[in-house]
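# Close look at the chain arrangement
Spelled out from the first residue to the last, the chains are:
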Amino acid sequence: MGKTDSRREAIIKTLRENGAVTVSGIMEEFGVSEATARRDLETLEQEKKLIRTFGGAILETVRTEIPFYSKMDLNPEEKRELADKALSLIRDGDVIGLTGGSTTMAIARALQQRPFERVTVVTNAINIAFELAGKPGIQLIVTGGVIRTQSFELSGPLADATLGELTIQKTFVGADGVSLARGITTFDELEAHTNRVMMRHSFETYVVADRSKWNRDSVFLISGLSAVTALLTDSGLDPATRKAFSDAGTRLL
């Protein structure tokens, strides 16, 4: 196998591990020029092995939604890092919102590790509700709605009606895609809508997404980046992506 083919196989391997690659990352890892990196991505896209994005690429397979419990097994260390960051933002007496998702589930588990006198959690995810039900120091509010078994989220008019009666201080939103071009995206239209409603009734919104979700788009828009207080991601996000979002005026934590 030639050097070029070996490099392109290594790029696909990195994509499978991280969900995304960047041109700058390829240049740094393989010591190639920007033109060579872009040519590699163009060739791999023609072979239908990836989808090019702003400054990089994502796997062709990311257009297919991964079931929730499979997501829980992906990037566990990064999820714990994000949960710790979210926990540092929560104060005793807060009313917080948690949408569905494997990272927000990690936040729910982290909440139990800190002795709060009283934190109110509003969620539309039944798995998160089950995780937190009866836990000391946590008051739980669960929306109504129709459940979607891929994500265990309740959504639709009943969920929206519940959220419309509430005031939330800090909402933590899971996402399937985060990009400069489209913002925050997910796989389901009703979930996207209910997430937006929760955001509208919250003073602050924090999107939690590990580096595999960045520079990629899912099907339905949750919100643009301007509606978000900050994006929480793990320390492995490449510097070029971090700089691009910061330069666009987005706060990263």
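So, here is what we can say about the structure in this document.

Rules used throughout
Residues numbered from 1 in each chain as written. Predicted model: local features only at pLDDT ≥ 70, side-chain atom pairs only at ≥ 80, totals over all residues. Heavy atoms only, no water. Buried < 20%, exposed > 50% of the residue type's maximum accessible area, 1.4 Å probe, protein only. Helix = DSSP H or I, 4+ residues; strand = E, 2+ residues; numbered from the N terminus. Pairing = 2+ DSSP bridges. Right-handed = clockwise from strand over helix to strand, strands pointing away. Core = buried A, V, L, I, M, F, W, Y, C linked by side-chain atoms within 4.5 Å. Contact = heavy atoms within 4.5 Å. Axes fitted to C-alpha atoms, helices over the stretch in contact; angles between N-to-C directions. Phe/Tyr/Trp six-rings, centres within 6.5 Å; stacked < 30°, edge-to-face > 60°. Parallel < 35°, antiparallel > 145°, perpendicular 65-115°, else oblique. Left-handed = near helix turned anticlockwise from the far one by under 90°. Nonpolar A, V, L, I, M, F, W, Y, C, P; charged D, E, K, R; others polar. Salt bridge = Lys/Arg side-chain N within 4 Å of Asp/Glu carboxyl O.

## Quick word on the pairing of strand β5 (residues 119-123)
With five of five residues buried, β5 lies mostly within the body of the structure. Side chains Val119, Val121 and Thr123 project from β5 onto one buried face, and the interleaved Thr120 and Val122 project onto a second face that is buried too. One ladder, built from four bridges, connects strand β4 (residues 95-98) with β5; its direction is parallel. From the neighbouring strand, Leu98 faces β5, where its bridge partner is Thr123. One crossover worth recording links β4 to the parallel β5 by way of helix α6 (residues 102-111), and it is right-handed. Pairing of β5 with strand β6 (residues 138-142), which is carried by five bridges, proceeds in the parallel orientation.

## Quick notes on the nonpolar core
Most often, soluble globular proteins keep nonpolar side chains buried together rather than apart. Judged by nonpolar contacts, the single largest core of 26 residues is most densely connected at Ile90, Ile96, Leu98, Leu111, Val121 and Phe172. Mapped onto this core, the elements with two or more residues apiece are α5 (76-89), β4, α6, β5, α7 (126-132), β12 (202-208) and β14 (230-232). Here this core takes six residues from α6, the largest share from any one element. Setting aside anything within four residues of it in sequence, one finds Val121 in contact with Ile96, Leu98, Leu111, Leu132, Ile138, Gln139, Leu140 and Ile141. Ranked by size, the runner-up nonpolar core spans 16 residues in total, among them Val207, Val228, Leu237 and Leu252.

## A few points about the sheet that holds β4
Two modes of strand pairing occur in sheets, parallel and antiparallel, and in both the strands are linked by backbone hydrogen bonds. Taking strand neighbours across the sheet as the criterion, the six strands line up as β6-β5-β4-β9-β12-β14 in an open arrangement whose pairing is parallel. The sheet terminates laterally at β6 and β14, the two strands that pair on one side only. In this sheet, neighbouring strand axes are inclined to one another by 25° on average, regardless of whether the strands run parallel or antiparallel. Packed on one face of the sheet, α5 meets β9 (168-174), β12 and β14 and runs near 140° to β14.

## Description of the packing of aromatic side chains
Under the counting rule described, the total for this entry stands at two aromatic pairs. A centroid spacing of 5.5 Å and a plane angle of 20° characterise the contact between Phe172 and Tyr206, whose relative ring orientation is stacked. Separated by 34 residues along the polypeptide, Phe172 in strand β9 and Tyr206 in strand β12 bring together distant segments of the chain. Residue Phe172 is classed as buried on the basis of its relative accessible area, which comes to 0%. Arranged with centres 4.7 Å apart and planes meeting at 70°, the rings of Trp214 and Phe245 form a pair that is edge-to-face. Here Phe245 lies in helix α10 (residues 239-247) and Trp214 lies in the loop between β12 and β13 (220-223), a separation of 31 residues in the sequence. Judged by relative accessible area, Phe245 falls into the buried class, the value being 0%.

## Notes on the packing of helix α2 (residues 23-30) against helix α3 (residues 34-46)
Close contact between α2 and α3 brings their axes to 9 Å; oriented N to C, the two are set at 115°. Overall, the two elements α2 and α3 adopt an arrangement that is roughly perpendicular. Judged by the twist between their axes, the crossing of α2 over α3 is right-handed. Two secondary-structure elements touch here, α2 through Val23, Ile26 and Met27 and α3 through Glu34, Ala37, Arg38 and Leu41. When grouped by side-chain class, the residues that make up the contact of α2 with α3 number five nonpolar, no polar and two charged.

## What about the pattern of salt bridges?
By the definition in use, this model includes 11 salt bridges. The partner of Asp40 in a salt bridge is Arg7, and the shortest N-O contact between them spans 2.6 Å. Of the two residues, Asp40 is situated in helix α3 and Arg7 in helix α1 (residues 3-18); the sequence distance between them amounts to 33 residues. Each member of the pair, Asp40 as well as Arg7, is classed as buried. Glu131 is the partner of Arg109 in a salt bridge, and the nearest nitrogen-oxygen pair spans 3.8 Å. Of the two residues, Arg109 sits in helix α6 while Glu131 sits in helix α7, which places them 22 residues apart along the sequence. With a relative accessible area of 39%, Arg109 lands in the partly exposed category. Three or more residues joined by partner-sharing salt bridges are found here, namely Arg7, Arg8 and Asp40.

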